[in-house]
Amino acid sequence: MASYDMTPKIAPYLDRHLLFPLLEFVQERQLYPDEQILKCKIALLNKTNMVDYAMDIHKSLYHADDVPQDMVERRAEVVSRLKALEEAAAAFLQNTNAAQELIADKQYNLQMFHDRYQIGAEQIEALYQYAKFQFECGNYSGAADFLYQYRALCTNSERSLSALWGKLAAEILMQNWDIALEELNRLKEIIDSKSFSSPMNQVQSRVWLMHWSLFIFFNNDNGRTQIIDLFSQEKYLNSIQTNAPHLLRYLATAFIVNKRRRPQFKEFIKVIQQEQHVYKDPITQFIACVYVNYDFDGAQKKMKECEEVIINDPFLGKRVEDGNFSTVPLRDDFLENARLFIFETYCRIHQRIDMGVLAERLNLNYEEAERWIVNLIRNSKLDAKIDSEARTVTMEPSRPNVYEQLIDHTRPLSGRTYKLVGQLLEHTHAQAAS
């Protein structure tokens, strides 16, 4: 399953601290040799200030009680630097109640802090450096608090944006998912409205944002809908296609596990078809089998592979302990809805279906398939009848939904209207100029 592991593709778009939860996951799943993962952790830690953590891993990796001298010296440097930064940021650290007086008006904050606490530009810069250092030490709670204060005082838009990225990373690492979602939305608003030095920089920022959002969306109650709303926006979907097609796995999964069929799904099927020569995995291939190639045997095989992909994916394979049992809720929802996808498509092609064939298509035995279809009929998700003697399912003729037809026919009108208005304005301007 290491061949389907997304960590190597995702790593370039994450802060190094965000890689540690992924490494913990793949280590638990034993996707790679333990020694390889521990060496990777040490390589990452050497670029941070988490020296004690690096020392512990070194001892575990090499079964030693001592650590190299360069680690000991590095630890002394970190402690010395931390003390210096604490002194520089003392004005903030000694006035712990000052943060409660901050408001949205930065100019008011600056004047108030100057008059009341004698805090100026030099101390504010020291606060930023201290917050950044605390983050590198792994003190994410302290870093988040100090970055919040810094952003309330900072008038430099670039520095403020950098602090917001840091605050988002800290909230993710503390698993404060609701606060992290607020910071994510705040960051998206800035990225979409900010003037970048080049369009490519804006695209890159969107790609980074989408990668970081995976932590939040797959740990948030409404995340399966929110990821569709974000990733399906034209500018974001274009960024996925041009820079990060591997993110199609997560959008595809969200569409499948979403209980309410999203209107963007039809367009997404076209994207899967367009991009299958660039990126594909069992989840995207499952959608292609069902909706592009109508290959139900292929879809059945891919369902089994999808289960393995999900339980070994750090974002999709989250386990929940239930007494003595451990389950992966997203996997269960995926398999249930994947069967429904196959069934719905198969039924559109065949009016009378052999139950034995259908059970095989759904990876169920005959009794399980019969119970599953009975439940669909009972819950009004399926207009069909079961003939137990003939062991068949007979589909009732489907009647076109008038509202859906109306929406499909009127959707192009807004684009045509916009184009006509543009032509009319051009014609009006031309007449006025003449």
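Everything numeric in this text was worked out from a predicted model, so none of it was measured.

Further remarks concern the packing of helix H10 (residues 157-173) against helix H12 (residues 199-217). At a minimum axis separation of 10 Å, H10 and H12 run at an interaxial angle of 20 degrees. The orientation of H10 relative to H12 falls into the category roughly parallel. Handedness of the H10/H12 crossing: left-handed. Each of Trp165, Leu168, Ala169 and Ile172 in H10 lies in contact with H12, whose residues at this interface are Ser205, Trp208, Leu209, Trp212, Phe215 and Ile216. Residues belonging to the contact of H10 with H12 are distributed by class as follows: 9 nonpolar, 1 polar and no charged.

For the rest of this paragraph, the subject is the pattern of salt bridges. Here the structure, examined in full by the defined rule, presents 20 salt bridges. Ionic pairing is found between glutamate 171 and lysine 167, a salt bridge with its closest N-O pair at 2.8 Å. One end of the pair is glutamate 171 and the other is lysine 167, both in helix H10 and 4 residues apart, which spans about a single turn. Lysine 167 shares its class with glutamate 171; the two are buried.

Turning next to the sheet that holds strand E4 (residues 384-387). Reading across from one edge, E3-E5-E4 is the order of the 3 strands in this open sheet, with antiparallel pairing throughout. If you trace the sheet from one side to the other, it starts and ends with strand E3 (352-354) and E4, each paired once. Averaged over all pairs of adjacent strands, the angle between strand axes in this sheet comes to 20 degrees, irrespective of strand direction. Two elements, E3 and strand E5 (residues 392-395), share 3 bridges in a ladder whose sense is antiparallel. Paired with isoleucine 353 across the bridge in E5 is valine 393. Along the sheet face, helix H21 (residues 366-378) touches E4 and E5 and points at about 145 degrees away from the line of E4.

On average, the chain scores 88 in pLDDT, and the residues at 70 or more come to 89%. Looking at the elements of the chain, mean pLDDT is at its lowest for helix H22 (residues 402-433), recorded as 54, and at its highest for helix H15 (residues 248-257), recorded as 97.

For the rest of this paragraph, the subject is the pairing of E4. Across 4 bridges, the pairing between E4 and E5 is antiparallel. Bridging across to E5, isoleucine 386 finds its partner in valine 393. In this structure, the hairpin formed by E4 and E5 is closed by a connection of 4 residues, where arginine 391 is found at a positive phi of approximately 55 degrees.

Attention now goes to the packing of aromatic side chains. Overall, the coordinates contain 18 aromatic pairs when judged by the stated rule. Arranged with centres 4.9 Å apart and planes meeting at 80 degrees, the rings of phenylalanine 215 and phenylalanine 315 form a pair that is edge-to-face. Taken as a pair, phenylalanine 215 in helix H12 and phenylalanine 315 in the loop between helix H18 (296-311) and strand E1 (320-322) lie far apart in primary sequence, 100 residues in all. A relative accessible area of 6% places phenylalanine 215 in the buried class. Looking at phenylalanine 315, the relative accessible area reads 6%, which means it is buried. Ring plane angle 85 degrees and centroid distance 5.2 Å describe the contact between phenylalanine 265 and tyrosine 291, whose orientation is recorded as edge-to-face.

Once that is clear, we can look at the environment of leucine 340. Relative to the helices and strands, leucine 340 is located in helix H19 (residues 329-349). Spatially, the C-alpha atom of leucine 340 lies 8.6 Å from that of leucine 362, the residues being 22 residues apart in sequence.

Cut-offs used in this document
Residues numbered from 1 in each chain as written. Predicted model: local features only at pLDDT ≥ 70, side-chain atom pairs only at ≥ 80, totals over all residues. Heavy atoms only, no water. Axes fitted to C-alpha atoms, helices over the stretch in contact; angles between N-to-C directions. Helix = DSSP H or I, 4+ residues; strand = E, 2+ residues; numbered from the N terminus. Parallel < 35°, antiparallel > 145°, perpendicular 65-115°, else oblique. Left-handed = near helix turned anticlockwise from the far one by under 90°. Contact = heavy atoms within 4.5 Å. Nonpolar A, V, L, I, M, F, W, Y, C, P; charged D, E, K, R; others polar. Salt bridge = Lys/Arg side-chain N within 4 Å of Asp/Glu carboxyl O. Buried < 20%, exposed > 50% of the residue type's maximum accessible area, 1.4 Å probe, protein only. Pairing = 2+ DSSP bridges. pLDDT = per-residue confidence, 0-100. Phe/Tyr/Trp six-rings, centres within 6.5 Å; stacked < 30°, edge-to-face > 60°.

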